[in-house]
Amino acid sequence: MANGVLSFPLTSFHADGSLDPDGFRAHVAARVATAPGAVFPACGTGEFFSLDEDEYRQVVSIAVQEAAGRVPVVAGVGYGWAQAVRFARIAEEAGADALLVLPHYLVAAPQTGLAAQLEHIAARTRLPLIAYQRGQVAFGVDAFRRITAIPGVIGLKDGHSDLDRLQRLTLAAPEDFLFFNGAATAEIQARAYATVGVPAYSSAVHAFAPEIADAFFTALRDGEHGTTDKLLRDFYVPLVELRDRVPGYAVSLVKAAARLRGCPVGPVRAPLTDPSAADLADLKTLLAAGLDLVGATL
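Residues numbered from 1 in each chain as written. Predicted model: local features only at pLDDT ≥ 70, side-chain atom pairs only at ≥ 80, totals over all residues. Heavy atoms only, no water.

This next bit is on the layout of surface pockets. By rolling a water-sized probe across the atoms, one finds the places where empty space is left. Volume-wise, the largest pocket comes out at about 870 Å³. Along the walls of the largest pocket sit 37 residues, with Gly44, Thr45, Tyr132, Arg134 and Val251 positioned nearest its centre. For the lining of the largest pocket, the leading source of residues is helix α10 (residues 249-260), giving six residues. Broken down by class, the residue content of the lining of the largest pocket amounts to 25 nonpolar, eight polar and four charged. Taken as a whole, the second largest pocket spans an internal volume of roughly 180 Å³. What lines the second largest pocket is a set of 13 residues, and nearest its centre among them are Phe177, Leu178, Phe179, Gly197 and Pro199. The element that contributes the greatest number of residues to the lining of the second largest pocket is strand β7 (residues 178-181), accounting for three residues. (1 Å grid on protein atoms, 1.4 Å probe; cavity = no way out; pocket = protein on both sides within 12 Å on 5 of 7 lines; lining within 4 Å. Points joined across faces, edges and corners; volume = space filled by probe spheres on them. Helix = DSSP H or I, 4+ residues; strand = E, 2+ residues; numbered from the N terminus. Nonpolar A, V, L, I, M, F, W, Y, C, P; charged D, E, K, R; others polar.)

In structure tokens:
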């Protein structure tokens, strides 16, 4: 999975908010064609929180069918462990290769409880698990050692960007344990994460501009600092500034950008909202400029 951008496809909806399986299939097929390191359906960018179990089954099944064994498919699961297990069973039946365990719902919990959550899920699925620490989930070293000892737990995705904590975890990890940079707009911090031993990262940009995402990944891998700096300065930083205007734009802007490029992903579901006309205009200008940087067009 470290050999390419980690792709988090968008879940397609019709204008009335219902699931659009055909639109999702087309979107995933286009992502897979760019050879990402893995495909992660029904996760945060894919609006996991808004899907019922039947919709989730369709989304994961389509992703597995379109990946066709060419790249791993890692499906999101979440809420409390009992509900997470229900989703895990669906993903298992659909043919997913692994699961990303999203932060649990609502409550703060002690370190022992965070570890127990993963133990309960791991005991009830055959699929490997990647823990996701973000929001109310943040592992200390002792709890982290406990989760790395759980059979089936193979990795950790980090969304806190606390590099001191993360360095301590990487040093405490077994040799073959996987780590992923899961910060919002992860390219912004990709170089910093790499310095503590975490080069792999997720890319929301890959959902609408794989040309930009792949160009950045290649430049970062090859040490082309001038290219990475230019992409960061002229595209990624302005994108983050636009993203930060409204809560939920981390998903809404990505979907809007995909629609600007003709991808049939539809609107976001409430409580998220689609971008305003003014923000959409700014996004279109920024997207065109970003594509021009890598020799592509809107």
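Attention now goes to the side chain of serine 12. Along the chain, serine 12 falls in the loop between β1 (6-7) and α1 (21-32). Engagement of the side chain of serine 12 in a polar contact is seen with the backbone oxygen of glycine 23, the distance being 3.4 Å. Among all residues touching serine 12, those that are not within four sequence positions of it are Ser18, Leu19, Asp20, Gly23, Phe24, Pro264 and Val265. (Polar contact = N/O pair within 3.5 Å; in protein donor to acceptor, adjacent residues only side chain to side chain. Contact = heavy atoms within 4.5 Å.)

With that settled, the discussion passes to a nonpolar patch on the surface. On the surface, Tyr105, Leu106 and Val107 cluster together to form a nonpolar patch covering roughly 360 Å² of accessible area. Of note, tyrosine 105 is situated in the loop between β4 (98-101) and α4 (111-122). (Patch = residues over 30% accessible without salt bridge, like charges linked within 9 Å, V, L, I, M, F, W, Y side chains within 5 Å. Areas by Shrake-Rupley, 256 points an atom, 1.4 Å probe, with all protein chains shown as cover. Salt bridge = Lys/Arg side-chain N within 4 Å of Asp/Glu carboxyl O.)

This next bit is on unusual backbone geometry. Here alanine 270 and proline 271 are connected by a cis peptide whose omega angle stands at 15 degrees. Of note in the backbone geometry, alanine 35 takes a positive phi value of approximately 60 degrees without being a glycine. Residue placement: alanine 35 occurs in the loop between α1 and β2 (38-39). Classification of alanine 35 as exposed rests on a relative accessible area of 55%. In the Ramachandran plot, alanine 68 falls in the positive-phi region, its phi being about 50 degrees despite a non-glycine side chain. Summarising the element assignment, alanine 68 is placed in the loop between α2 (53-67) and β3 (74-77). (Buried < 20%, exposed > 50% of the residue type's maximum accessible area, 1.4 Å probe, protein only.)

A separate point is the side chain of threonine 125. Among the secondary structure elements, threonine 125 is positioned in the loop between α4 and β5 (129-133). Beyond its immediate stretch of four places on either side in the chain, threonine 125 contacts Ala88, Glu92 and Leu99.

This part covers the sheet that holds β7. On the basis of which strands lie adjacent, the open sheet formed by five strands has the order β3-β4-β5-β6-β7 and parallel pairing. Two strands in the sheet have a free side with no partner beyond their single neighbour: β3 and β7. Taken pair by pair, the neighbouring strands of this sheet meet at an average axis angle of 25 degrees, ignoring direction. Docked against the sheet, helix α3 (residues 81-94) engages β3 and β4, running at close to 155 degrees with respect to β3. Sitting on the sheet, α4 touches β4 and β5, and the angle it makes with β5 is about 155 degrees. (Pairing = 2+ DSSP bridges. Axes fitted to C-alpha atoms, helices over the stretch in contact; angles between N-to-C directions.)

Here α1 contains 12 residues, and its C-alpha end-to-end distance of 16 Å stays within 8% of the 16 Å for a straight helix at 1.5 Å per residue. All of the buried residues in α1 are Gly23, Phe24, His27, Val28, Arg31 and Val32. Down the axis of α1, the smallest arc covering the buried residues is 165 degrees, so these residues share one side. Here the buried face of α1 lies against β1, β2, α2 and α8 (210-221). (Expected span 1.5 Å × (residues − 1). Arc of directions from axis to C-beta.)

Right, let's talk about the nonpolar core for a bit. Tyr56, Leu100, Phe139, Phe144 and Phe179 are the most contacted members of the largest nonpolar core, which has 69 residues in total. If we ignore the near neighbours within four places in the chain, the residues touching leucine 100 are Phe8, Phe40, Cys43, Val74, Ala75, Gly76, Val77, Ile130, Ala131, Tyr132 and Lys157. (Core = buried A, V, L, I, M, F, W, Y, C linked by side-chain atoms within 4.5 Å.)

This part covers the packing of α4 against helix α5 (residues 141-148). Taken N-terminus to C-terminus, the directions of α4 and α5 make an angle of 15 degrees; their axes are 9 Å apart at the nearest point. By the angle class used here, α4 and α5 are roughly parallel. Judged by the twist between their axes, the crossing of α4 over α5 is right-handed. Along its contact with α4, which presents Gln111, Thr112, Ala115, Ala116, Leu118 and Glu119, the element α5 presents Ala143, Arg146 and Ile147. Its residues placed into classes, the contact of α4 with α5 shows five nonpolar, two polar and two charged. (Parallel < 35°, antiparallel > 145°, perpendicular 65-115°, else oblique. Left-handed = near helix turned anticlockwise from the far one by under 90°.)

Okay, the pattern of salt bridges next. Using the criterion set out here, one finds 18 salt bridges in the structure. Of the charged contacts, one joins arginine 165 and aspartate 162 as a salt bridge, the two residues approaching to 4.0 Å between their closest N and O atoms. Residue arginine 165 is classed as partly exposed on the basis of its relative accessible area of 29%. Owing to a relative accessible area of 33%, aspartate 162 belongs among the partly exposed residues under this scheme. Here the salt bridges do not stand alone but share partners, grouping Arg245, Asp279 and Asp282 into one network.

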